[in-house]
Amino acid sequence: MNLLRYHLRKLFLILKNEVFVLPSRIVVLLFFLTVLLLPLLYDDPYMMRILILASIFAIFAASWDLLSGFTGQINFGHALFFGVGAYGTAILNLRAGFPPWASIPAGALVAVLAGLLVGLPCLRLRGTYLALTTLAFPIILMGFVFSVPELTGGELGLSGLSRLARSRIANYYIVVITMLVLVTVMWKITDSHMGIIFHAIREDELAVKAAGINTTKYKLIAFSLSGFFAGLAGGLYAHFMRIAGPSTLEISMSFQVVIWSVFGGMVTIWGPVGAVFILFPLLEFFRIWPELRQLMFAIVVMIVLLYMPGGLLPWLRSKIENECPRCKIRNIATRKVCRVCAADLH
Amino acid sequence: MLIDILITSLINGSTYALLAIGFSLIFGVARIVNIAHTAFYMVAAYCIYFTTYRLGFNPLSAMITGIVFVSILGLIVYKIFIAPIREHEQAVLIGTIALAIALQEIMMLIFTGDYLSVPALIKGYATILGVKVFYQQLITFASVLVVLGLMRLFLMHTKLGLAIRATAQDREVANLMGMNESRVAMMAVVISVGLAGATGAIIVPLTTVEPFMWSHPLIMMMAVVVLGGMGSIKGSFYAAFILGFAEAMVVFLIPSGAFLKGAVALSIMILVLVVRPTGLFGVQFEEEG
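Reading the values: rules and limits
- Residues numbered from 1 in each chain as written.
- Chains lettered and ligands numbered in written order.
- Predicted model: local features only at pLDDT ≥ 70, side-chain atom pairs only at ≥ 80, totals over all residues.
- Helix = DSSP H or I, 4+ residues; strand = E, 2+ residues; numbered from the N terminus.
- Rg over C-alpha atoms; globule rule 2.2 N^0.38 Å.
- Buried ≥ 20, exposed ≤ 12 C-beta atoms within 10 Å, placed from the backbone.
- pLDDT = per-residue confidence, 0-100.
- Contact = placed C-beta atoms within 7 Å.
- Nonpolar A, V, L, I, M, F, W, Y, C, P; charged D, E, K, R; others polar.
- Axes fitted to C-alpha atoms, helices over the stretch in contact; angles between N-to-C directions.
- Parallel < 35°, antiparallel > 145°, perpendicular 65-115°, else oblique.
- Left-handed = near helix turned anticlockwise from the far one by under 90°.
- Expected span 1.5 Å × (residues − 1).
- Arc of directions from axis to C-beta.

**Comments concerning the overall build of chain A**
- From N to C terminus, chain A includes 16 helices and 4 strands.
- Its C-alpha radius of gyration of 21 Å places chain A within 12% of the 20 Å reference for a compact globule of 346 residues.
- Overall, chain A is about 70 × 55 × 50 Å in size when its C-alpha atoms are taken along their principal axes.
- Sorting the 346 residues of chain A into buried and exposed places 45% on the buried side.

**Section: the confidence of the model for chain B**
All names here are of chain B.
- Looking at chain B as a whole, the pLDDT averages 86, with 98% of positions reaching at least 70.
- Summarising per-element confidence for chain B, the mean pLDDT is lowest in strand E1 (residues 125–128) (76) and highest in helix H2 (residues 37–53) (92).
- The ipTM assigned to the predicted complex is 0.84, against a pTM of 0.90.

**Brief notes about the environment of Leu109(B)**
- Looking at the element boundaries, Leu109(B) is found in helix H4 (residues 89–111).
- In sequence terms Leu109(B) and Pro211(B) are 102 residues apart; their C-alpha atoms lie 9.6 Å from each other.

**Some details on the interface of chain B and chain A**
- Across the contact, 38 residues belong to chain B and 34 residues belong to chain A.
- Taken together, the elements giving at least two residues each to the side of chain B that touches chain A come down to H4, helix H9 (215–228) and helix H11 (257–275) of chain B.
- Along the lines of polarity and charge, the residues of the side of chain B that touches chain A split into 29 nonpolar, 8 polar and 1 charged.

**Quick look at the packing of H9(B) against helix H10 (residues 233–253) of chain B**
All names here are of chain B.
- At a minimum axis separation of 8 Å, H9 and H10 run at an interaxial angle of 125°. Put simply, H9 runs oblique to H10. Where H9 crosses over H10, the handedness of that crossing is right-handed. Along its contact with H9, which presents Met220, Ala223, Val224, Val225, Leu227 and Gly228, the element H10 presents Gly235, Ser236, Tyr238, Ala239, Ala240, Ile242 and Leu243.
- When its residues are assigned to classes, the contact of H9 with H10 shows 10 nonpolar, 3 polar and no charged.

**As for helix H15 (residues 293–307) of chain A**
- Helix length check: H15(A), at 15 residues, gives a terminal C-alpha distance of 22 Å against a target of 21 Å (1.5 Å per residue), a fit within 8%.
- Looking only at H15(A), the buried set comprises Gln294(A), Ala298(A), Val301(A), Met302(A) and Leu305(A). Projected down its long axis, H15(A) shows its buried positions confined to an angular sector of 95°, all on one face. The outward face of H15(A), more than 90 degrees from its buried face, is lined by the exposed residues Ile303(A) and Tyr307(A).
- Summarising the contacts, the buried residues of H15(A) are in contact with helix H13 (251–264) of chain A together with helix H3 (59–82) and H4 of chain B.

This is how it looks when you write it as structure tokens:
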């Protein structure tokens, strides 16, 4: 009983002293609560479908940010990992009879292999060369998908995968909780020792090498980690849609993830996730004018970038929070003095 | 068969070469990875369709109108959307992606998604070594060579060409030497988009016009640029024909080749890059801080 009281008190203190002092943290908390509690209050199947797809793409976008944002290895062919994850999961599920809880991680491991396979030739490439080369990989795989229809179902793809769960609510919770966990894990990775090395590789690879760090190893780790998370997203997508088709490898899929990440703000993890949850429902909203849908989407992206080239969410955050010039701790914009060191904020 | 392969690869290769040189130019001078490059090529094709069928222009003036229209469109779009965010590399990147999607959707709205075609400049064909070669194919190939030659003359023997090459080599020093960097970048954008328009104009009678016609050339164009080495016009030229030839070989020699043509060409690119990370003729650009 005492232990419980201790933990409750600790939770309360953390909420009071760490979470409620910053609006961005309150927003994150509200986001977690909203996606977890929404279906209990309002279980519209259409809305739940949108949220499930948004969650899957949020994992996908965050995994791009992990590789391209943090490590600076701009990947224009991220759909490769998504597609390999989806196809791997589908083949294991249909041909080998794996249940979803086994086929999705196994599919993601296949995507890790793909990540290593792509990473190896790309190690020597830098910057724009890398970006343009990675664009090729999903297209190459797509060629093979079409040329061996016995295995991959060709143009129609593989359909009839088993459901994630029987009921819609269970489906929703499986995907959303997976998303929250994976995104938190990715955010923690970028915050860890390894994340700092990723950061450093992006800023100055030569300096990192000079510091005695094996950059090749870390770049390959970044490729495989990113491939793993994107593969999980692909597997979830395949099981949720119950089909793995060539559309998962399309060039528009690769571009979509770049749009989400840059729109939301790169090198943050939360930026791409937020962007997916803003842009994906927005695209559904534009369904009112079906023929103008893509056009409006493109125009919104262009206009937002024109005024906030660093991404929407970092821009919003910089409006409501200031960094203390002395101790570098973030404060709400309304405060006159820093909440930790009491330095003057203006 | 062999002649068929040769003709197809020459036509495709020359299209890719023109597109890739325009793309290289804008990347070299302004450091813009212009995903919308082939979207302008699509717009030019539609523009020619519109002027020939709806306004009744003769094909030649339709082509010129198309090129001029696309160049002006490129300039306006650059001024409004790209120039203000040029310093943010990532923002430019998705700005151009969004632009390509927007252009595709606008064309879809105006012309619907139907497959359209445009008449050839000169109808009929000649028989060379027992193979039918359409005059249009010959014209296309000849005009590609002419445009490439003009580009080379322009870059090597005019003042603006010199400024463009200088800026591509070192932006800061070029600026210090009194070249107006932003104006040179603007000119490079206009020329590059104009080249995309010209490619569209030259190739349009040989292909079908549809809103998604930009995506395959986009991939091949990027492959060409990477394979030839960025910023090397000579490299783009050779790489374009290598990939065009590989594509044509696969299509004609392998049964389900149409699906694999992109895959094989891109695999060749990756194999070359593993051996030579900067492409065939490329130089690694110094990283700019």
